[in-house]
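# Commentary on secondary and tertiary structure
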Amino acid sequence: MAAAMGWAFDLMADPGRRKHTTRSTTRKTIPAHDEKQGLTYRDAGVDIDAGEALVEAIKPLAKSTIRSGTAAGLGGFGALFDPKAAGFKDPILVATTDGVGTKLKVAIDSGRHDGVGIDLVAMCVNDLVVQGAEPLFFLDYFATGKLDVAAGKAIIAGIAEGCRQAGCALIGGETAEMPGMYSHGDYDLAGFSVGAAERDSLLPAADVGAGDVLLGLASTGVHSNGYSLVRRIVAKGGVTYDAPAPFDASKSLGEALLTPTRIYVKSCLAAVKAGTIKAMAHITGGGLIENVPRVLPQNVVADIDATTWELPPVFRWLAAEGGVAAHEMARTFNCGIGMVVVCAADKAEEAARILREGGETVFTIGRLRARQGDEAQSQVSGNEGWR
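The following paragraphs examine the structure supplied in this document. A quick note: this is a predicted structure, and the numbers were derived from the prediction, not measured. Each residue is numbered by its place in its chain's sequence as written, counting from 1. pLDDT decides what is reported in this predicted model: residues at 70 or higher carry local features, side-chain atom pairs at 80 or more are listed and counted, and totals for whole chains, interfaces and linings draw on all residues regardless. With hydrogens and water set aside, each side-chain value is computed from the structure's full complement of heavy atoms.

## Notes on the overall build of the chain
Formally: Labels follow the DSSP assignment, with helices taken as runs of H or I lasting at least four residues and strands as runs of E lasting at least two, numbered in each case from the N terminus. Three exposure classes are used, based on accessible area relative to the maximum for each residue type with a 1.4 Å probe and protein chains only: buried under 20%, partly exposed in between, and exposed over 50%. We call two residues in contact when some of their heavy atoms are within 4.5 Å. Only the protein chains shown count as cover for residues, with accessible areas throughout obtained via the Shrake-Rupley method and a probe of 1.4 Å.
Helix and strand counts for the chain come out as 11 helices and 14 strands. Counting across all 387 residues of the chain, residues that qualify as buried make up 53%. Across the chain, contacts joining residues at least 24 apart in sequence account for 82% of those joining residues at least 6 apart. Just so you have it, the chain exposes about 16600 Å², and 52% of that area is on carbon and sulfur atoms.

## Side note on the nonpolar core
It is characteristic of soluble globular proteins that their nonpolar side chains tend to be buried jointly. Short version of the rule: Here, nonpolar core means buried Ala, Val, Leu, Ile, Met, Phe, Trp, Tyr and Cys residues that are tied together by side-chain atoms lying within 4.5 Å of each other.
If you look at the biggest cluster of nonpolar residues, it comprises 100 residues, and the most contacted ones within it are Leu-257, Met-280 and Trp-386. Looking at this core, the element that brings in the most residues is helix H3 (residues 114–129), giving eight residues. Non-local contacts of Met-280, meaning those with residues more than four positions away in its chain, are made with Val-129, Val-130, Leu-203, Cys-268, Val-272, Val-295, Met-339, Val-340 and Val-341. In this structure, Phe-88, Leu-136, Phe-137 and Ile-171 belong to the second largest nonpolar core, which totals nine residues.

## Brief notes about the environment of Asn-299
Note that Asn-299 resides in the loop between helix H8 (287–291) and strand S11 (300–305). Judged by relative accessible area, which is 52%, Asn-299 ranks as exposed. On a C-alpha basis, the gap between Asn-299 and Arg-369 in space is 8.5 Å, while along the polypeptide they are 70 residues apart. Not counting residues up to four positions away in its chain, the partners in contact with Asn-299 are Arg-369, Ala-370 and Arg-371.

## Quick word on unusual backbone geometry
The omega torsion of the bond from Leu-203 to Pro-204 falls at 0°, within 30 degrees of zero and hence cis. As for its position among the elements, Pro-204 is in the loop between strand S6 (187–198) and strand S7 (213–218). Despite not being glycine, His-223 has its phi angle at roughly 60°, a positive value. Tracing the chain through its elements places His-223 in the loop between S7 and helix H5 (227–237). A positive phi angle, close to 55°, is found at Cys-335, a residue other than glycine. Counting through the fold element by element, Cys-335 comes out in the loop between helix H10 (326–330) and strand S12 (337–343).

## Observations concerning the packing of aromatic side chains
Put simply, the test is: Two rings from Phe, Tyr or Trp (for Trp, the six-membered ring) form a pair when their centres sit within 6.5 Å of each other. Planes less than 30 degrees apart are called stacked, planes more than 60 degrees apart edge-to-face, and all others tilted.
Per the counting criterion, the structure on display carries five aromatic pairs. For the ring pair Phe-81 and Phe-137, a centre distance of 5.4 Å and an interplane angle of 40° mean the geometry is tilted. In this pair, Phe-81 is assigned in the loop between helix H1 (48–63) and strand S3 (91–99) and Phe-137 in strand S4 (residues 134–144), connecting sequence segments 56 residues apart. When the ring of Phe-247 is compared with that of Trp-317, the centres are 5.6 Å apart and the planes differ by 45°; the resulting orientation is tilted.

## A few points about the pattern of salt bridges
Convention followed: Counted as salt bridges are all cases of a side-chain nitrogen of Lys or Arg within 4 Å of a carboxyl oxygen of Asp or Glu.
Tallied over the entire structure, the rule returns 14 salt bridges. Ionic pairing is found between Arg-199 and Asp-90, a salt bridge with its closest N-O pair at 2.9 Å. Highlighted residues: Arg-199 in the loop between S6 and S7 and Asp-90 in the loop between H1 and S3, separated in sequence by 109 residues. The salt bridge involving Asp-212 is made with Lys-278; its shortest N-O contact spans 3.0 Å. Pair noted here: Asp-212 is in the loop between S6 and S7 and Lys-278 is in the loop between helix H7 (265–273) and strand S10 (279–282), with a separation of 66 residues, a long-range link. Three or more residues joined by partner-sharing salt bridges are found here, namely Asp-207, Asp-212 and Lys-278.

## Considering H5
Threshold: By definition, the arc is the one covered by directions from the helix axis to the C-beta atoms.
By the burial criterion, the buried members of H5 are Tyr-227, Val-230, Ile-233 and Val-234. Along H5, the residues classed as buried sweep out an arc of 115° about the axis, all on the same side. Exposed residues pointing more than 90 degrees away from the buried face of H5 are listed as Arg-232, Ala-235 and Lys-236. On its buried face, H5 is in contact with helix H2 (103–110), helix H6 (253–257) and helix H9 (313–322). Phi turns positive, to about 65°, at Gly-238, one or two residues after H5.

## Overview of the state of the cysteines
Put simply, the test is: Disulfides are defined as cysteine sulfur pairs within 2.5 Å.
Inspection of the entire model under this criterion finds zero disulfides. With no disulfide of its own, Cys-124 has Cys-168 as its nearest cysteine by sulfur position, at a separation of 9.1 Å. Here Cys-343 stays free of any disulfide, with the sulfur of Cys-268 as its closest cysteine sulfur at 9.7 Å. Since its relative accessible area comes to 0%, Cys-343 is described here as buried.

## Points about H2
Residues Lys-103, Leu-104, Val-106, Ala-107 and Ile-108 constitute the buried set of H2. Lining the buried residues of H2 we find H3, S6, H5 and H6. Positive backbone phi, approximately 70°, marks Gly-111, located one or two places after H2.

## Remarks on the sheet that holds strand S13 (residues 362–370)
Hydrogen bonds between backbone groups are what pair the strands of a sheet, and the pairing can be parallel or antiparallel. Selection rule: Think of it this way: DSSP has to see at least two bridges between two strands before they count as a pair. Lines fitted to the C-alpha atoms define the axes, with helices restricted to the stretch that makes contact. Angles between their N-to-C directions range from 0 to 180 degrees.
With mixed pairing, the six strands of this open sheet are ordered in space as S10-S12-S7-S13-S11-S14. Of all strands in the sheet, those with a lone pairing partner are S10 and strand S14 (378–381), marking the two edges. Taken pair by pair, the neighbouring strands of this sheet meet at an average axis angle of 25°, ignoring direction. Taken together, the five bridges between S11 and S13 define a ladder with antiparallel strand orientation. Note on S13: the bridge partner recorded for Asp-303 is Arg-367. On the sheet, H3 packs against S10 and S12 and is oriented at approximately 160° with respect to S10. Set on the sheet, helix H11 (residues 348–357) makes contact with S7, S12 and S13; between it and S7 the angle comes to about 10°.

Have a look at this one:
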């Protein structure tokens, strides 16, 4: 059995008044079990009242993310968005979906739930911006065996914060309470985001080629990929999440590993609109080795020099504690570079300036060169000291 509590923005007759609605706005409190009345949904493990309480808690959070283009949703079954009202003339829509993966287990085991909402948004919107798209709106799916309203509110608060950072509206979501599907305290998250770009400004550009410069934007940590290996290394080392982090004594291990994924949207969009970027790669699962080729033509190779930035302490600890080889590090983790930007050589300095003004730490990490035969399209050198 599942209680699916959906919600969406709703503008009724008064366009200046927005409200949240659920698909059952007239639900009444379910009385305690009475054998004369037979079984109730609550007896089966589903608490509709808790779901309604969470929806009420979500209202101000979602309202804080409203942006231009947020439009009418009839009856609360869906939400609408008007790209024209958002300033687009001839838009192409771009859609993404993602999750947080087993980083959620670290959050659950640590009892820290606020940051994973930011992760959820980041994993979606960073995939939009690499195609030159501005994130417009976001929806979430939150599934659990037993709804904890406090934890749910912390998670949604993080999602709302991520949406504010990305400049997109949180316009709807779904909360599913499913007894028997998840162990006590466990939950899963999925995110869905839609963005838009003018038809003539989509990335990657057609002229990506040899001689282009690679800029690396610093990550905030492990972000949201590779946590199955992270958790295996933590277990191998016998460290608990409430103990001081071996690589940062000012934080617990759980706090350090749960540092939210950086959202690169606003800084990167500024550089895109200035005409300084040809392509971008969001460094997620597959690391620097697997993600950069996704935005390259077949005739070039990305030569990445790992000596151009310092490997962050968390990755140095993971490599040493887990005995992880340098190449495996580069194809599993971001290793300190959360976004790779491809620029023409004569635009790289301007792109770096705009990105730094947007708050990014920028490194010049390599170049594109002509490919020889079927050699690997992303090659990292200078990382021998990563263990």
